Amino acid sequence: MSAEPPAELAVEERDLIKRLAEFPAVVAEATERRSPHALPTYAIRLADDFHRFYHEHRVLESEAQAFRLGLATATQAVIASSLDLVGVEAPDRM
């Protein structure tokens, strides 16, 4: 099973990838401006994008399972990092 993206990304997949790619810039800007509130705000937006993606697309037992599991894992890691940077402990499970 390949973690390669499908030939054509769905809108929700593309939006989630774009949001994930913004993380380093959000951290840099929050640091530069001394505005830690930007990180939880970003995490909420990322969670919203992930919810839309997960609602619209099957992850397990799909043709793109490995790729979509990678998106889910990346989202989990970025949300946990966002919360960690502001001193909030993320649960391992929900």
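Our structure is the block above this text.
What comes next is a walk through the structure. Keep in mind that what you see is a predicted model, and the values were worked out from it rather than measured. (Residues numbered from 1 in each chain as written. Predicted model: local features only at pLDDT ≥ 70, side-chain atom pairs only at ≥ 80, totals over all residues. Heavy atoms only, no water.)

This paragraph deals with the overall build of the chain. Summing up its helical and strand segments, the chain has 4 helices and 0 strands in all. Taken from N to C terminus, the helices and strands of the chain fall in the order α-α-α-α. Its C-alpha atoms give the chain principal-axis dimensions of about 45 × 25 × 20 Å. In the chain, which comprises 94 residues, the proportion classed as buried is 28%. (Helix = DSSP H or I, 4+ residues; strand = E, 2+ residues; numbered from the N terminus. Buried < 20%, exposed > 50% of the residue type's maximum accessible area, 1.4 Å probe, protein only.)

What follows concerns helix H3 (residues 38–56). In this model, H3 (19 residues) spans 27 Å end to end at C-alpha, consistent with the 27 Å of a helix rising 1.5 Å per residue. Taken together, the buried residues of H3 touch helix H1 (11–21), helix H2 (23–33) and helix H4 (65–85). (Expected span 1.5 Å × (residues − 1). Contact = heavy atoms within 4.5 Å.)

Estimates place the volume of the second largest pocket at around 160 Å³. Along the walls of the second largest pocket sit Arg-19, Glu-22, Val-26, Glu-29, Ser-35, His-37, Ala-38, Thr-41, Tyr-42 and Arg-45, which together make up its complete lining. Counting residues per element, the lining of the second largest pocket draws most heavily on H3, at 4 residues. Among the residues making up the lining of the second largest pocket, the classes are represented as 3 nonpolar, 3 polar and 4 charged. (1 Å grid on protein atoms, 1.4 Å probe; cavity = no way out; pocket = protein on both sides within 12 Å on 5 of 7 lines; lining within 4 Å. Points joined across faces, edges and corners; volume = space filled by probe spheres on them. Nonpolar A, V, L, I, M, F, W, Y, C, P; charged D, E, K, R; others polar.)

Moving on, we get to the packing of aromatic side chains. Within a pair of aromatic rings, the relevant descriptors are the distance that separates the centres and the angle that separates the planes. For the coordinates displayed, the defined rule picks out 3 aromatic pairs. The interplanar angle of 55° and the centroid separation of 5.7 Å between the aromatic rings of Phe-50 and Phe-53 together place this pair among those described as tilted. Taken together, the residues span about one helical turn, with Phe-50 and Phe-53 both in helix H3 at a distance of 3 residues. On the basis of relative accessibility, which here comes to 21%, the residue Phe-50 falls in the partly exposed class. Overall, the relative accessible area of 0% leaves Phe-53 in the buried class. (Phe/Tyr/Trp six-rings, centres within 6.5 Å; stacked < 30°, edge-to-face > 60°.)

The next subject is the packing of H1 against H4. As a packed pair, H1 and H4 sit with axes 11 Å apart at the nearest point and diverge in direction by 35°. Considering the relative orientation of H1 and H4, their crossing is left-handed. When H1 is examined against H4, the residues Glu-13, Leu-16, Ile-17 and Leu-20 are found in contact with a partner set consisting of Phe-67, Arg-68, Leu-71, Ala-74, Thr-75 and Val-78. Its residues assigned to classes, the contact of H1 with H4 comprises 7 nonpolar, 1 polar and 2 charged. (Axes fitted to C-alpha atoms, helices over the stretch in contact; angles between N-to-C directions. Left-handed = near helix turned anticlockwise from the far one by under 90°.)

Time to look at the nonpolar core. If you look at the biggest cluster of nonpolar residues, it comprises 13 residues, and the most contacted ones within it are Leu-16, Leu-20, Tyr-42, Leu-46, Leu-71 and Val-78. Listing elements by their share of this core, those giving two or more residues are H1, H2, H3 and H4. With 4 residues, H3 is the largest single contributor of residues to this core. Those residues in contact with Val-78, other than ones at most four positions away along the chain, are Leu-20, Phe-23, Tyr-42 and Leu-46. (Core = buried A, V, L, I, M, F, W, Y, C linked by side-chain atoms within 4.5 Å.)

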